[in-house]
Amino acid sequence: MTMLKVLFGVFLCLSSVVLGQYDDGHLQVHFENLSSNEISDPEEATPTPCKSTELTKWDKLFSMLENSQMRENILLQYVDEIIKVELQSIRDEMHQFVANFAGTCTNAIDSASTRITSQLEGKLMQIAERIGDTNTVHQSQHYKVLEQLLVASQDTAYRLSKIESAWQNGAEAQGLHSKFKQQDVSVYTGLEKVMDSMAYDLQKTRAELQLSQKWVAQHFLPSGCEVALLFPMRSRKIFASVNPAASMTLDSFTACIWSKVTDALNKTVLFSYGTKRNPYEIQLSLSQQSAVLSVGGDTYSTVAANAATVGEWAHFCGTWSSNEGNASLWVNGELAATSTGVAEGHPIPDGGILQLGQEKNGCCVGGFDEKLAFSGKLTGFNIWDKVLDKEQIAHLAKGEGSCSTRGNVVGWGVTEILPHGGAQYIH
């Protein structure tokens, strides 16, 4: 635009110069004597052969007008060529900018699409692996959840592809730099709206995944456990008796169990082993949300706070060694509490009673107290005559087939465990 203004100014200057020459006397026409301007007869004109005919003032005027018209045409042609060159340069720069910007946006959209798709596929694979070993009664419900997640992922991919195609079409349709900037603002506004919608969809999907995981935790057994013992309510008549496969004379032990409690009071017994002389030789119990391991009596206890949540499965392991009296309590494969000097030098005697969901303390008729009774589900109960290392304990809590790893004193699924008073096995 600046170039056009300069050329137009040059043209005006040239025109003024020409007109100025006309006014300076180079072309003067006198109308006083009209007869002198008349065209003479051809007979009277006797031009000299060796002398050229002089141009009249009218001829000079027409010649100057023709020259001025030629200059004007040349200037217009020059201006038109400059405009074409400038427009072509602007068009090339605009196309290069569009190509660079469209490529960057396309790469960003592809990267975001790949990342979101991989995250969704990872979540789907985790859920599919967890529900792979569940019973067929609840499979249809989980398939519906998975179908909804697949639909959500497909919808997300469709939206991303639609954004990419719309952006490419919009970038190619731009003709001028100013229009491209306006379209760029509108595209970015559209992208922000779509990204906000995608974020909302992802939050919704995450909430659905959390609900699904919670539902799985509530309705299915831990990985690798096919059966569990159900204690439907607190009762001094509801318990399970265990007949160990080996002697209970122990200088060290590791005892592990899966538990999902429906209500935990000040003391809720998961399992206990005691003799007539000492009913509290080994005991693992819950106190509200804490887990308590006792060896050799209530005086020697190891407590892990915030270990149990009502309605959720939790894995507990207690270890003890008589040599130094070291006791440890593990929750979900992680070390939660340790104690030293616990029943140091005290061997666990044989000949006692091992029970699930109660303790035989002789306080009441029948030897049970309903306030100490367990209500909920228990599975994967095992006892070893040694202290397991942290890798073995972590595998029991987090590895596949935790119930298939059995203790040599008590082995879940091998050792005889008899339910009483309404306790029953469930699948």
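Quick notes on the rules
- Residues numbered from 1 in each chain as written.
- Predicted model: local features only at pLDDT ≥ 70, side-chain atom pairs only at ≥ 80, totals over all residues.
- Heavy atoms only, no water.
- Pairing = 2+ DSSP bridges.
- Helix = DSSP H or I, 4+ residues; strand = E, 2+ residues; numbered from the N terminus.
- Axes fitted to C-alpha atoms, helices over the stretch in contact; angles between N-to-C directions.
- Contact = heavy atoms within 4.5 Å.
- pLDDT = per-residue confidence, 0-100.
- Phe/Tyr/Trp six-rings, centres within 6.5 Å; stacked < 30°, edge-to-face > 60°.
- Buried < 20%, exposed > 50% of the residue type's maximum accessible area, 1.4 Å probe, protein only.
- Patch = residues over 30% accessible without salt bridge, like charges linked within 9 Å, V, L, I, M, F, W, Y side chains within 5 Å.
- Areas by Shrake-Rupley, 256 points an atom, 1.4 Å probe, with all protein chains shown as cover.
- Salt bridge = Lys/Arg side-chain N within 4 Å of Asp/Glu carboxyl O.
- 1 Å grid on protein atoms, 1.4 Å probe; cavity = no way out; pocket = protein on both sides within 12 Å on 5 of 7 lines; lining within 4 Å.
- Points joined across faces, edges and corners; volume = space filled by probe spheres on them.
- Nonpolar A, V, L, I, M, F, W, Y, C, P; charged D, E, K, R; others polar.
- Polar contact = N/O pair within 3.5 Å; in protein donor to acceptor, adjacent residues only side chain to side chain.
- Disulfide = S-S within 2.5 Å.
- Arc of directions from axis to C-beta.

Q: How should the sheet that holds strand β14 (residues 424–426) be read in this particular structure?
A: What the seven strands build is an open sheet, ordered β10-β9-β8-β3-β12-β1-β14; its pairing is antiparallel. The sheet is open, and its two edges are formed by β10 (334–339) and β14, each paired on a single side. On average, each strand axis in the sheet is inclined to that of its neighbour by 30°, with strand direction left out of account. Relative to strand β12 (residues 376–384), strand β3 (residues 252–261) runs antiparallel, the two being bridged by seven bridges. Its bridge partner lying in β12, Val261 is registered against Gly376. Contacts from helix α5 (residues 390–398) reach β3, β8 (314–321), β9 (326–331), β10 and β12, with the element oriented near 155° to β8.

Q: Looking at this model, I keep getting lost on the confidence of the model for the chain. Mind explaining?
A: Low pLDDT marks stretches whose predicted atomic positions should not be read closely. Per-residue confidence for the chain gives a mean pLDDT of 76, with 67% of residues at or over 70. Across residues 17–45, confidence stays below pLDDT 50; counting only partners more than four residues off in sequence or on other chains, it has ten contacts.

Q: How should the packing of aromatic side chains be read in this particular structure?
A: What characterises a pair of aromatic rings is the spacing of the ring centres plus the angle enclosed by the ring planes. Inspection of the entire model under this criterion finds four aromatic pairs. Centre to centre, the rings of Phe271 and Phe381 are 5.0 Å apart; their planes meet at 50°, and the pair counts as tilted. Of this pair, Phe271 sits in strand β4 (residues 268–274) while Phe381 sits in strand β12; the two residues are 110 residues apart in sequence, bridging distant segments of the chain. Per residue, the accessibility class of Phe271 equals that of Phe381, and both read buried.

Q: Just to check I follow, could you spell out a nonpolar patch on the surface for this structure?
A: Together, Trp58, Phe62 and Leu65 make up a nonpolar patch on the protein surface, roughly 350 Å² of accessible area in all. Relative to the assigned elements, Trp58 resides in helix α2 (residues 57–130).

Q: I'm lost on empty space enclosed by the protein in this one. Help?
A: With a probe scaled to a water molecule rolled over the atoms, the places where space remains empty come into view. For the structure on display, the rule yields two cavities of 30 Å³ or more. When its volume is computed, the second largest cavity comes out at roughly 40 Å³. Taken together, Cys256, Trp258, His315, Gly380, Asn382, Trp384, Leu396, Ser402 and Cys403 make up the lining of the second largest cavity. Elements that contribute at least two residues to the lining of the second largest cavity include exactly β3 and β12. Across the lining of the second largest cavity, the residue classes tally to five nonpolar, four polar and no charged.

Q: Can you walk me through unusual backbone geometry in this structure?
A: Peptide bonds are trans in most cases, and residues, glycine excluded, mostly fall at negative phi. Of note in the backbone geometry, Asn306 takes a positive phi value of approximately 50° without being a glycine. Of note, Asn306 is situated in the loop between β7 (301–304) and β8. By relative accessible area, Asn306 is classed as exposed at 64%. Of note in the backbone geometry, Asn332 takes a positive phi value of approximately 55° without being a glycine. Relative to the elements of secondary structure, Asn332 occurs in the loop between β9 and β10.

Q: Would you mind showing me how to read the pairing of β8 here?
A: Regular strands place their side chains on alternate faces of the sheet. Burial of β8 is extensive: eight of the eight residues sit out of reach of the surface. Burial along β8 is two-sided: the face carrying Ala314, Phe316, Gly318 and Trp320 and the face carrying His315, Cys317, Thr319 and Ser321 are both buried. Bridge analysis of β8 against β9 gives six bridges, and the strand direction is antiparallel. Residue pairing across strands places Gly318 opposite Leu329, the latter belonging to β9.

Q: What is the right way to read the sheet that holds strand β5 (residues 282–287) from this model?
A: Strand pairing within a sheet occurs via backbone hydrogen bonds; the two strands may be parallel or antiparallel. Read across the open sheet, the seven strands follow the order β7-β6-β5-β4-β11-β2-β13; overall the sheet is antiparallel. The two strands at the open ends of the sheet, each matched to only one other strand, are β7 and β13 (416–420). Taking each pair of neighbouring strands and ignoring which way they run, the sheet shows an average axis angle of 20°. Where β4 meets β5, five bridges bridge the pair, whose relative direction is antiparallel. Its bridge partner lying in β5, Ser272 is registered against Gln283.

Q: Whenever I open this one, the side chain of Ser241 confuses me. Can you help?
A: Relative to the assigned elements, Ser241 resides in strand β2 (residues 239–243). For Ser241, the side chain forms a polar contact with the side chain of His420, separated by 3.0 Å. Those residues in contact with Ser241 that sit more than four places away from it in its chain are Leu354, Glu416, Ile417, Leu418 and His420.

Q: Before we go on, may I ask you to explain the state of the cysteines in this structure?
A: One covalent bond between the sulfur atoms of two cysteine residues makes up a disulfide. One pass over the full model with this rule turns up two disulfides. Two residues, Cys225 and Cys403, share a disulfide whose sulfurs are 1.6 Å apart. Judged by the torsion about the S-S bond (75°), the Cys225/Cys403 disulfide is right-handed. Of the two residues, Cys225 is situated in the loop between α4 (177–219) and β1 (228–231) and Cys403 in the loop between α5 and β13; the sequence distance between them amounts to 178 residues. Classification of Cys225 by relative accessible area gives buried; the value is 8%. Cys403 sits in the buried class, given a relative accessible area of 4%.

Q: Sorry, what's going on with α5 here?
A: Along an α-helix, residues three or four apart share an orientation, since each turn contains 3.6 residues. Those residues of α5 that fall on the buried side of the exposure criterion are Ile393, Leu396 and Ala397. Take α5 and look down its axis: the buried residues cluster within an arc of 90°, on one side only. Along α5, the residues that are exposed and aim more than 90 degrees away from the buried face are Glu391 and Lys398. Buried positions along α5 lie against β3, β8, β9 and β12. The N-capping residue of α5, defined by a side-chain oxygen 3.3 Å from the backbone nitrogen of Glu391, is Asp389.

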